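Observations on the three-dimensional arrangement
Next come the chains, spelled out residue by residue.
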Amino acid sequence: LKFWSVTFGLDMIELKRQCPEPIRFIDGAESFLARAKAAGFRLIIVTNSSAELLALKDEVTGICSLVDAAYSSSEFGEPKESAAFWPLFFAHTGETPTACMLIDDSESVLRAASDFGVGSVIGIRHPDTGRAPNALEGWQAVDGVKDLLL
């Protein structure tokens, strides 16, 4: 959003704040997070959204109250698709990569995490019902978060 804010000279975060309807949980996400938390899993959100947009998403949905931590990849200076991101992220969180699971809808993110040694990576083929599903060939994948309910 920073790029578009600079390009158009508009505060894109404020525009999103004025029209928050597209900011919502994807089907099954709230139930999945609640059940995973109740089962004792440590839950961390990491997104390529800017820290400002992550804060707005939390303001609208309250998602950060459902997880143990939430980070923007910009905090680490690299996007999740970058091989350089994962060592920085795990050094910061103190988590053991092989004991973690990553759930994402981007094949390049799944690849980068898998190449780094994240224990389990699962793709989401259809995170947004308003768009065509992702192919995610060769990856363990489900159609949506609702398919991950414990």
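A brief structural summary. Please read these numbers as outputs of a predicted model, since none were measured by experiment.

Structural notes on the pattern of salt bridges
Scanning all chains against the criterion turns up five salt bridges. The residue R42 makes a salt bridge to E95 at a minimum N-O spacing of 2.5 Å. Pair noted here: R42 is in the loop between α3 (29-38) and β1 (44-47) and E95 is in the loop between α5 (85-93) and β3 (101-104), with a separation of 53 residues, a long-range link. Among the salt bridges present, the one from R111 reaches E107, with a minimum N-O distance of 3.6 Å. Placement of both R111 and E107 in helix α6 (residues 107-116) is noted, with a separation of four residues, approximately one turn of the helix. The partly exposed category is assigned to R111, whose relative accessible area is 38%. By relative accessible area, E107 is classed as partly exposed at 31%.

Observations regarding a nonpolar patch on the surface
Residues F8, L10 and L15 make up a contiguous nonpolar surface patch of roughly 290 Å² in combined accessible area. Of note, F8 is situated in helix α1 (residues 2-8).

Here we look at the sheet that holds strand β4 (residues 120-124)
Read from one edge of the open sheet, three strands run β3-β4-β5, paired in parallel fashion. What marks the edges here is a single partner per strand, and that holds for β3 and β5 (141-142).

Re the nonpolar core
Side chains of nonpolar character tend, in soluble globular proteins, to be buried together. Among the nonpolar cores identified, the biggest contains 19 residues, and W86, F89, L102, V118 and V121 are the most heavily contacted of them. Contributions of two or more residues to this core are made by β2 (69-72), α5 and α6. V118 has contacts with W86, F90, P97, C100, M101, L102 and A113, leaving out every residue within four places of it along the chain. In terms of nonpolar packing, the next biggest core, distinct from the first, is built from 14 residues, V67, I122, V145 and L148 among them.

Brief notes about the side chain of S49
Inspection of the secondary structure puts S49 in the loop between β1 and α4 (51-61). With a relative accessible area of 13%, S49 lands in the buried category. Those residues in contact with S49 that lie beyond four places of it in its chain are L54, K57, S72 and S73.

Thresholds applied
Residues numbered from 1 in each chain as written. Predicted model: local features only at pLDDT ≥ 70, side-chain atom pairs only at ≥ 80, totals over all residues. Heavy atoms only, no water. Salt bridge = Lys/Arg side-chain N within 4 Å of Asp/Glu carboxyl O. Helix = DSSP H or I, 4+ residues; strand = E, 2+ residues; numbered from the N terminus. Buried < 20%, exposed > 50% of the residue type's maximum accessible area, 1.4 Å probe, protein only. Patch = residues over 30% accessible without salt bridge, like charges linked within 9 Å, V, L, I, M, F, W, Y side chains within 5 Å. Areas by Shrake-Rupley, 256 points an atom, 1.4 Å probe, with all protein chains shown as cover. Pairing = 2+ DSSP bridges. Core = buried A, V, L, I, M, F, W, Y, C linked by side-chain atoms within 4.5 Å. Contact = heavy atoms within 4.5 Å.

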